[in-house]
Amino acid sequence: MDPINLTRDFVKKELENEGTGHDWWHIERVTNLANRIADEENADPFICTMSALLHDLADEKLNESEEAGLKRVKNWLDDLKIPQLQQEHILYIIKTISYKGGQGPKLTSLEAKVVQDADRLDAIGAIGIARCFTYAGSKGNLIHHPDVEPREGMTKEEYSKRDGTAINHFYEKLLKLKDLMNTRTGYNIAKERHNMMKQFLAEFFDEWSGKK
Ligand code: ADP
Ligand code: NI
């Protein structure tokens, strides 16, 4: 079998019973999107596919530490005898796109941009809505708290009152992702998904208030 199929089987096995929002189907969707974006942006399809497949495997939630997770990925690439330069590129992508503190470092490779766009796209649109409510449910969070009318650009203090609700997460993160896209192709897909989320929110508030 070729390295991509071997990696697909490996990751599938590792994430089959994963319940933190990084289950195998998230990986499959991100890999498909990364391929589509890579094709349009003329990025290296092998690097994009391998990085998309492996991108959540080093996550802290699945390992003792991020370092231990990255080591595990490196061992896997060694086993497959992937050339050193390609290994470094794949590890760079995994390390930088999973960066947790804010926007993270500026990405310097086209392939990193493609995979990050694919990962972020899976957090918006219809799938993004589904993942958001699943995550909130798994944490025991409310759907919504009506104390403060949510809107884009609300103050930190206003945010804090709503902290932790599923609807709050749209304003805190999901509605911001469109403008963080790295590639033109990613942005075009994000625009549609973004509009769909805005429609959903408008409908949601109309129903919440009894207008509809
Ligand atoms: P990733 O590492 O894949 O960018 P996260 O681990 O931050 O994403 O989140 C996984 C999924 O859970 C995403 O779809 C994200 O939108 C959702 N999520 C994360 N935090 C929250 C939250 N506080 N409320 C609702 N959904 C959340
Ligand atoms: Ni991911």
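Anything mentioned here points back to the structure above.
What you see is a predicted model; the values in this text were computed from it and never measured.

S.K.: I would appreciate a short explanation of the overall build of the chain in the present structure.
M.R.: Assigned secondary structure in the chain consists of ten helices and zero strands. Along the chain, helices (α) and strands (β) appear in the sequence α-α-α-α-α-α-α-α-α-α when read from the amino end. Relative to a compact globule of 212 residues, whose C-alpha radius of gyration would be 17 Å, the chain shows 18 Å and is just as compact. Here the C-alpha coordinates of the chain stretch approximately 60 × 35 × 30 Å along the principal axes. Burial statistics for the chain: of 212 residues in total, 44% are counted as buried. When contacts within the chain are restricted to residue pairs at least 6 apart in sequence, those whose partners lie at least 24 apart make up 60%. Accessible surface computed for the chain: about 11,600 Å², of which carbon and sulfur atoms make up 49%.

S.K.: Would you mind going over the coordination of the nickel ion (ligand 2) with me for this structure?
M.R.: For a metal with four tetrahedral donors the ideal donor-metal-donor angle is 109.5 degrees, whereas six octahedral donors ideally subtend 90 or 180 degrees. On the protein side, the nickel ion (ligand 2) has His26 (NE2), His55 (NE2), Asp56 (OD) and Asp119 (OD) as donor atoms, found 2.1 to 2.6 Å from it. Each of the four donor atoms bound to the nickel ion (ligand 2) contributes to angles spanning 79 to 167 degrees, and the resulting shape is irregular. Sequence spacing of the donors to the nickel ion (ligand 2): H-x28-H-D-x62-D. Here His55 and Asp56 have matching classes, each one buried.

S.K.: Hey, could you run me through the site of ligand 1 in this one?
M.R.: Surrounding ligand 1, one finds ten residues, the nearest of these being His22, Lys61, Arg131, Tyr135 and His169. Contact between ligand 1 and His169: an oxygen atom at 2.8 Å from a side-chain N or O atom of the residue. Residue Lys173 places a side-chain N or O atom 3.4 Å away from an oxygen atom belonging to ligand 1. Burial of ligand 1 by the protein amounts to 82% of the accessible area it has alone, namely 550 Å². When residues of the shell around ligand 1 are assigned to their parent elements, the largest contribution, three residues, is made by helix H7 (residues 125-139). The class makeup of the residues in the shell around ligand 1 is three nonpolar, two polar and five charged. When residues of the shell around ligand 1 are sorted by domain, at least three fall in each of domain 1 (1-101) and domain 2 (123-212).

S.K.: Honestly, the packing of helix H2 (residues 24-41) against helix H10 (residues 184-208) in this entry has me stumped. Any pointers?
M.R.: To describe two helices that pack against each other, one gives the angle between their axes and the distance between the axes. Two elements in contact, H2 and H10, have axes separated by 8 Å at closest approach and are oriented at 130 degrees. As far as their axial angle goes, H10 and H2 are oblique. Taking contact as the criterion, the partners of Leu33, Arg36, Ile37, Glu40 and Glu41 in H2 are, on H10, Arg184, Thr185, Gly186, Ile189 and Arg193. The class makeup of the residues in the contact of H2 with H10 is three nonpolar, two polar and five charged.

S.K.: When you look at the packing of aromatic side chains in this model, what are you seeing that I'm missing?
M.R.: To describe a pair of aromatic rings, one takes the distance between the centres and the angle between the planes. The tally for this structure, following the rule as stated, stands at seven aromatic pairs. With a centroid separation of 6.1 Å and an interplanar angle of 70 degrees, the aromatic rings of Phe133 and Phe200 are classed as edge-to-face. Within this pair, whereas Phe133 is found in helix H7, its partner Phe200 is found in helix H10, the two being separated by 67 residues in sequence.

Scoring rules and cut-offs
- Residues numbered from 1 in each chain as written.
- Chains lettered and ligands numbered in written order.
- Predicted model: local features only at pLDDT ≥ 70, side-chain atom pairs only at ≥ 80, totals over all residues.
- Heavy atoms only, no water.
- Helix = DSSP H or I, 4+ residues; strand = E, 2+ residues; numbered from the N terminus.
- Rg over C-alpha atoms; globule rule 2.2 N^0.38 Å.
- Buried < 20%, exposed > 50% of the residue type's maximum accessible area, 1.4 Å probe, protein only.
- Contact = heavy atoms within 4.5 Å.
- Areas by Shrake-Rupley, 256 points an atom, 1.4 Å probe, with all protein chains shown as cover.
- Donors = N, O, S within 2.8 Å, 3.2 Å for Na, K, Ca; no water.
- Tetrahedral: all angles 85-135°; square planar, octahedral: opposite > 155°, others 65-115°.
- Near = heavy atom within 4 Å.
- Polar contact = N/O pair within 3.5 Å; in protein donor to acceptor, adjacent residues only side chain to side chain.
- Nonpolar A, V, L, I, M, F, W, Y, C, P; charged D, E, K, R; others polar.
- Domains from an automatic or database assignment.
- Axes fitted to C-alpha atoms, helices over the stretch in contact; angles between N-to-C directions.
- Parallel < 35°, antiparallel > 145°, perpendicular 65-115°, else oblique.
- Phe/Tyr/Trp six-rings, centres within 6.5 Å; stacked < 30°, edge-to-face > 60°.

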